[in-house]
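Structural overview for review
Residues per chain are reported as follows:
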Amino acid sequence: MYTVTKRLEVSAAHHLTLDYESKCQHLHGHNWIIHVTCQAETLDANGMVIDFKKIKDIVQTKMDHQNLNEVFSFNPTAENIAKWICDHVPYCIKVQVQESEGNVAVYER
């Protein structure tokens, strides 16, 4: 089994829709650190699970320097963002989204 992980940094803003009072309900930004892990039993014709640039293009094109509430149709929590990335990157099995020091969400297939 082959496994690769791409680390990305994305600057983006969001606000959360919550059923309780929180400062996160107001627009704010993060320098998100995202780890995308992909896995395959065999390599492609280029000797790769997936090109690291393809992972970067999918994630950064959608998220970098954006208001995530305008990009996604869901409440852009770190958990929901991790699942969206996993669903859109081929061969993805795990995504870790760190929105700030000490606050990390993980989605695993």
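Refer to the structure printed above.
Residues numbered from 1 in each chain as written. Predicted model: local features only at pLDDT ≥ 70, side-chain atom pairs only at ≥ 80, totals over all residues. Heavy atoms only, no water.

**What about the environment of A13?**
Counted only if it meets this: In DSSP terms, a helix is any run of H or I states spanning at least four residues, a strand is any run of E spanning at least two, and both are numbered starting from the N terminus. For this analysis, residues touch if any pair of their heavy atoms sits within 4.5 Å.
Along the chain, the position of A13 falls in strand β1 (residues 2-14). Separated by 85 residues in the primary sequence, A13 and Q98 place their C-alpha atoms 14 Å from one another. In this view, A13 contacts L27, H28, G29, Q66, N67 and L68; residues no more than four positions away in its chain are not counted.

**Description of the packing of helix α1 (residues 52-63) against helix α3 (residues 78-88)**
Which entries qualify depends on this criterion: Lines fitted to C-alpha atoms define the axes, with helix axes restricted to the stretch in contact, and inter-axis angles between N-to-C directions lie between 0 and 180 degrees. These descriptions rest on fixed angle ranges, namely under 35 degrees for roughly parallel, over 145 for roughly antiparallel, 65 to 115 for roughly perpendicular, and the rest for oblique. Crossings are classed by handedness, with left-handed meaning an anticlockwise turn of the near helix from the far one by less than a right angle and right-handed meaning a clockwise turn. Here the term charged refers only to Asp, Glu, Lys and Arg, the term nonpolar to Ala, Val, Leu, Ile, Met, Phe, Trp, Tyr, Cys and Pro, and the term polar to all other amino acids, Gly among them.
Where α1 meets α3, the closest approach of the two axes is 10 Å, and the angle between their N-to-C directions is 135 degrees. By the angle between their axes, α1 is oblique relative to α3. Both α1 and α3 take part in a crossing whose hand is right-handed. In this structure, α1 contributes I58, V59, K62 and M63 to the contact, and α3 contributes I81, W84, I85 and H88. A class-by-class count of the residues in the contact of α1 with α3 yields 6 nonpolar, 1 polar and 1 charged.

**Regarding the pairing of β1**
The following threshold applies: We call two strands paired when DSSP finds no fewer than two bridges between them.
Of the strand pairs in this sheet, β1 and strand β2 (residues 28-40) are connected by 13 bridges, and their pairing is antiparallel. Note that in β2 the partner of Y2 across the bridge is A40.

**Overview of the nonpolar core**
What counts is decided by this rule: We call a set of buried Ala, Val, Leu, Ile, Met, Phe, Trp, Tyr and Cys residues a nonpolar core when their side-chain atoms join them within 4.5 Å. Relative accessibility thresholds used throughout: buried, under 20% of the residue-type maximum; exposed, over 50%; partly exposed, between the two (1.4 Å probe, protein chains only).
I34, V36 and I85 are the most contacted members of the largest nonpolar core, which has 27 residues in total. Of all the elements in the fold, those that place two or more residues in this core are β1, β2, α1, α3 and β4 (92-100). Per element, the largest residue contribution to this core is 6 residues, and it comes from α3.

**Considerations on α3**
Within the span of α3, buried status applies to A78, I81, A82, W84, I85 and C86. On the buried face of α3, the contacting elements are β2, α1, α2 (68-71), β4 and β5 (103-108).

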